[in-house]
Amino acid sequence: MTPLRWTVLVLCLASLFVIWPLWPPLLLAAWTAALTRPLLVRFARVFRGRRRAAAIISLLIFVLLALPLGLMILGVFSGARELIGAVKGSPSATSALQTLLSSSPDGVASPSASYAQVVALLQKSGAQGFDLLSDVAGAAATGLIALFIYFGAAYALLVDSAALWAWLERHSPLPARHLDRLADAFHETGRGLLVGVGLTTATQG
């Protein structure tokens, strides 16, 4: 059995290495499932099923997260539409570029830029702008993947948390009382962080 145990240990370490970049959404999903478990019990009685209750809770969490993100994206699109309208109203490409550069972020007008200055600025900052757009696109893709993993893991933990915990108790090298104390500390930490950070963010917003 020794080669088999070493093989299992190596596979477990490889799995941890693979999922290590994904630990933030997985950790948040575990805390979310632990925090909403009392609500899951009530919903399961009303909707006659643990999976239906878990799906409804996941949908409610998605709505709560999507509402502020949607408002923020709406504000960005509104500003971008105004900028595009101002550029389209320019009679020429030079005027359009001057329109983009003719006002500062605080709304105070600055002297109009000449065509040579605009070209020099584009040649100087074009690569940086492309790198910035690439970074933004990469961050958006990473965020979408993290959200997908978060909702999938939260739903799975809401549905199968009892079976997963029973399996962990059977195969854990720690005594059951020590494992329960670790679980209580884990849930207490997650509850404090989610409630504290959530209330702070809501107050600041």
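Everything below is about the structure shown above.
Everything in this summary refers to the structure shown in the same document. (Residues numbered from 1 in each chain as written. Predicted model: local features only at pLDDT ≥ 70, side-chain atom pairs only at ≥ 80, totals over all residues. Heavy atoms only, no water.)

## Regarding a nonpolar patch on the surface
Selection rule: Residues qualify for a patch when their relative accessible area is over 30% and they have no salt bridge, like charges being joined within 9 Å and the nonpolar side chains of Val, Leu, Ile, Met, Phe, Trp and Tyr within 5 Å. Computed with a 1.4 Å probe, the accessible areas rest on the Shrake-Rupley method; for each residue, only the protein chains presented here act as cover. When a carboxyl oxygen of Asp or Glu is within 4 Å of a side-chain nitrogen of Lys or Arg, the pair counts as a salt bridge. Helix and strand assignments come from DSSP, with helices taken as H or I runs of at least 4 residues and strands as E runs of at least 2, each series counted from the N terminus.
A cluster of nonpolar side chains, namely Trp 6, Leu 9, Leu 13, Leu 16, Phe 17, Val 18, Ile 19 and Leu 26, defines an oily patch on the protein surface of about 850 Å² accessible area. Residue contributions to the nonpolar patch peak at seven residues, all from helix α1 (residues 2-19). Mapping Leu 9 onto the fold places it in helix α1.

## Structural notes on the packing of aromatic side chains
Here is the rule: Working definition: rings of Phe, Tyr and Trp (its six-membered ring) pair if their centres are within 6.5 Å, and the pair is stacked with planes under 30 degrees apart, edge-to-face with planes over 60 apart, and tilted otherwise.
Tallied over the full model, the rule gives four aromatic pairs. Taken together, a centroid distance of 6.1 Å and an interplanar angle of 35° make the contact between Trp 20 and Trp 23 tilted. Seen in terms of ring centroids, Trp 31 and Phe 186 are 5.6 Å apart; in terms of plane orientation they differ by 40°. Their pairing is tilted. In this pair, Trp 31 is assigned in helix α2 (residues 23-35) and Phe 186 in helix α7 (residues 176-204), connecting sequence segments 155 residues apart.

## A word on empty space enclosed by the protein
Heads up, the condition is: Detection works on a 1 Å grid of protein atoms alone, calling trapped sets that fit a 1.4 Å probe cavities and calling open sets with protein on both sides within 12 Å along at least five of seven lines pockets, with lining residues defined by an atom within 4 Å of a point. Grid points are joined across faces, edges and corners, and a volume is the space filled by probe spheres set on the points. Following the grouping adopted for this structure description, the nonpolar residues are Ala, Val, Leu, Ile, Met, Phe, Trp, Tyr, Cys and Pro, the charged ones are Asp, Glu, Lys and Arg, and the polar ones are all others, Gly among them.
Taken as a whole and assessed by the stated rule, the structure comprises one cavity of 30 Å³ or more. By volume, the largest cavity is sized at about 40 Å³. Around the largest cavity, the lining residues are Trp 31, Ala 34, Leu 35, His 187, Gly 190 and Arg 191. Secondary structure elements with two or more residues in the lining of the largest cavity: α2 and α7. Here the lining of the largest cavity is built from residues that sort into three nonpolar, two polar and one charged.

## A look at α2
Rules: Expected span, for any helix, means 1.5 Å times one less than how many residues it has. Three exposure classes are used, based on accessible area relative to the maximum for each residue type with a 1.4 Å probe and protein chains only: buried under 20%, partly exposed in between, and exposed over 50%.
The first and last C-alpha atoms of α2 sit 18 Å apart over 13 residues, in line with the 18 Å expected at 1.5 Å per residue. Residues Pro 25, Ala 29, Ala 30, Trp 31, Thr 32, Ala 33 and Ala 34 constitute the buried set of α2.

## Here's the deal with the side chain of Thr 32
In plain terms, the rule: Any two residues whose heavy atoms approach within 4.5 Å at even a single point are treated as in contact.
Position of Thr 32 relative to the elements: it lies in helix α2. Residues contacting Thr 32, with those up to four places away along its chain left out, are Ile 61, Tyr 150 and Leu 194.

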